[in-house]
Amino acid sequence: MTDTPITIELPKWYDLHAHFRQDEMIAPLIKGHIAMGCAGILAMPNTKPPVGKIFKSDPGNYTSIEHYSSVLRSDGGDTLKEIIVPLYLTTEMTPALITRGAEMGMLKCAKYYPPHGTTGAELGAPLETYVENGVFAAMEGAGVVLNIHGEEHALPAEQYFDRTTNAEELFYRERLPRIVDQFPNLKIVGEHLTTKIATDFISAAPDHIVATVTPQHLLYTIGHLLQGFKYHLYCLPLIKFEEDREALRAAVTHPGNDKFFAGTDSAPHTTKATECGCAAGCYTGAIAPQLYAQSFELAGVDLSDENEQEIFKNFLCFNGPDFYGLDIPTETFTLQKFPQEIEPLKIGKNTIVPLPLGMQSDTNEPCTIPWRIV
Ligand code: DOR
Ligand code: ZN
């Protein structure tokens, strides 16, 4: 007789950080999220042009939250319980726009991008801009969440990534503590944490300061990226060291964790490596709960034990919606410990390589992951 594989029924979950892009990309990407049990998504605003205004009628050559949300809905997202689109904090952002958007019920959160710090971050302004121009004060006053890509920008290469420091550590050591002191009621999500320094900062911060963690930062280290230069693992902030991965794993698997939650940062690129660089972003759509489950097991969580399954549920299903004030869905989906073969995602003439497949030396070889959705 064969053993029944471990099977976990979970409430549908919210991916509270993902990229759905534009045009013909949107529908297949949303489909992948629905296939992995998502009840809702937070769709990042680094489109072209970025989601830098609220209503179509607002001035400026930006995409609006109104428009982008309706496109996401009509391209397959209409069955989701929730689509949150943060406002991109551009160089032109004003406190008046924030206050009005919040009053009209169209603005839940806004995203800080370090200028030129990552894909689509060209229109971000330095963090201090929003301290000085009243944008953070307006957000704090209106209860608008600040989603932070926490990396110091415009650093010399020696400080950007060095043996003793890096852009994220500098940001969480020197920049964010000052924001928290100046705006004590500002709700903050540290997005896609990668370091022990950032993890410790979030753990010690007040309850309204929380963080998302991606599958890749729980699974891999910089060694995995560099050994054979697996550029599908190139994302920003960069994957870090074993000590950092340990701190992230300890935070998400702590039985009392109520601050760290799932935000995949699934970021599809149709061309990853170019002649002079590499696009940042890992695609984990359709398989993220499977990868999170794998990472929890690697962190020592026994997912066959019902009590330990609760720790996984807190991270995947409860902490995020609790923070954003979203309902926990009554609908469920089921994860099973049974190998699943994964395939590239074809969109028109383009191919998107999901992360674990991109870690192989030959992406044409079959690739399996230890968990599947049934
Ligand atoms: O790796 C990343 N990819 N980091 C980001 O901050 C943006 C994202 C993307 O949009 O591709
Ligand atoms: Zn992102």
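Preceding this section is the structure that the text describes.
Residues numbered from 1 in each chain as written. Chains lettered and ligands numbered in written order. Predicted model: local features only at pLDDT ≥ 70, side-chain atom pairs only at ≥ 80, totals over all residues. Heavy atoms only, no water.

Right, let's talk about the overall build of the protein chain for a bit. The helix and strand tally for the protein chain stands at 14 helices and 20 strands. For 374 residues, the compact-globule estimate of 2.2 N^0.38 gives 21 Å, and the C-alpha radius of gyration of the protein chain, at 20 Å, lies within 12% of that figure. When the backbone C-alpha atoms are referred to their principal axes, the protein chain occupies close to 65 × 45 × 45 Å. Restricting the contact set of the protein chain to residue pairs at least 6 apart, pairs at least 24 apart contribute 72%. Entry remark: accessible area of the protein chain is about 15500 Å², with carbon and sulfur atoms responsible for 49%. (Helix = DSSP H or I, 4+ residues; strand = E, 2+ residues; numbered from the N terminus. Rg over C-alpha atoms; globule rule 2.2 N^0.38 Å. Contact = heavy atoms within 4.5 Å. Areas by Shrake-Rupley, 256 points an atom, 1.4 Å probe, with all protein chains shown as cover.)

This part takes up a nonpolar patch on the surface. The grouping of L226, F229 and Y231 at the surface amounts to a nonpolar patch, some 290 Å² of accessible area in total. Turning to its location among the elements, L226 is positioned in helix α10 (residues 222–226). Residue classification places L226 among the exposed residues on the basis of a relative accessible area of 53%. (Patch = residues over 30% accessible without salt bridge, like charges linked within 9 Å, V, L, I, M, F, W, Y side chains within 5 Å. Salt bridge = Lys/Arg side-chain N within 4 Å of Asp/Glu carboxyl O. Buried < 20%, exposed > 50% of the residue type's maximum accessible area, 1.4 Å probe, protein only.)

What follows is about the sheet that holds strand β20 (residues 372–373). The strand order across the open sheet built from three strands is β1-β15-β20, with neighbouring strands paired in antiparallel fashion. Looking at which strands have only one partner, the edges of the open sheet turn out to be β1 (7–11) and β20. Bridge count between β1 and strand β15 (residues 332–336): five bridges; the pairing is antiparallel. In the sheet register, P11 faces β15, and the bridge partner there is T332. Along the sheet, helix α12 (residues 288–298) contacts β15 and β20; its crossing angle with β15, the most-contacted strand, is approximately 50 degrees. Helix α13 (residues 306–324) rests against β1 and β15 of the sheet, and its axis sits at about 35 degrees to β1. (Pairing = 2+ DSSP bridges. Axes fitted to C-alpha atoms, helices over the stretch in contact; angles between N-to-C directions.)

With that settled, consider the pattern of salt bridges. Here the structure, examined in full by the defined rule, presents nine salt bridges. Here K12 ties to E331 by a salt bridge, and the two come within 3.1 Å at their closest N and O atoms. Here the residue K12 occupies a position in the loop between β1 and β2 (13–18), and E331 occupies one in the loop between α13 and β15, the gap between them amounting to 319 residues. Among the charged side chains, a network of salt bridges with common partners joins E128, E152 and R175.

This next bit is on the site of ligand 1. In the region of ligand 1, 13 residues are neighbours, and R21, N46, L236, H269 and A280 sit closest. At 3.3 Å from an oxygen atom of ligand 1 is found a side-chain nitrogen or oxygen belonging to H19. Here T119 contributes a side-chain N or O atom positioned 3.3 Å from an oxygen atom of ligand 1. For ligand 1, whose free accessible area comes to 290 Å², the fraction covered by protein is 100%. Across the shell around ligand 1, the residue classes break down as four nonpolar, seven polar and two charged. (Near = heavy atom within 4 Å. Polar contact = N/O pair within 3.5 Å; in protein donor to acceptor, adjacent residues only side chain to side chain. Nonpolar A, V, L, I, M, F, W, Y, C, P; charged D, E, K, R; others polar.)

So, on to the pairing of strand β3 (residues 38–43). Along any regular strand the residues' side chains alternate between the sheet's two faces. Among the six residues in β3, six count as buried, and that is most of the element. Bridge analysis of β2 against β3 gives four bridges, and the strand direction is parallel. Bridging from a neighbouring strand, D15 pairs with I41 of β3. Chirality of the crossover, the property in question, places the unit of β2, helix α1 (residues 26–35) and β3 among those that are right-handed. (Right-handed = clockwise from strand over helix to strand, strands pointing away.)

Fair warning: the whole summary comes from geometry, so function is off the table for now.
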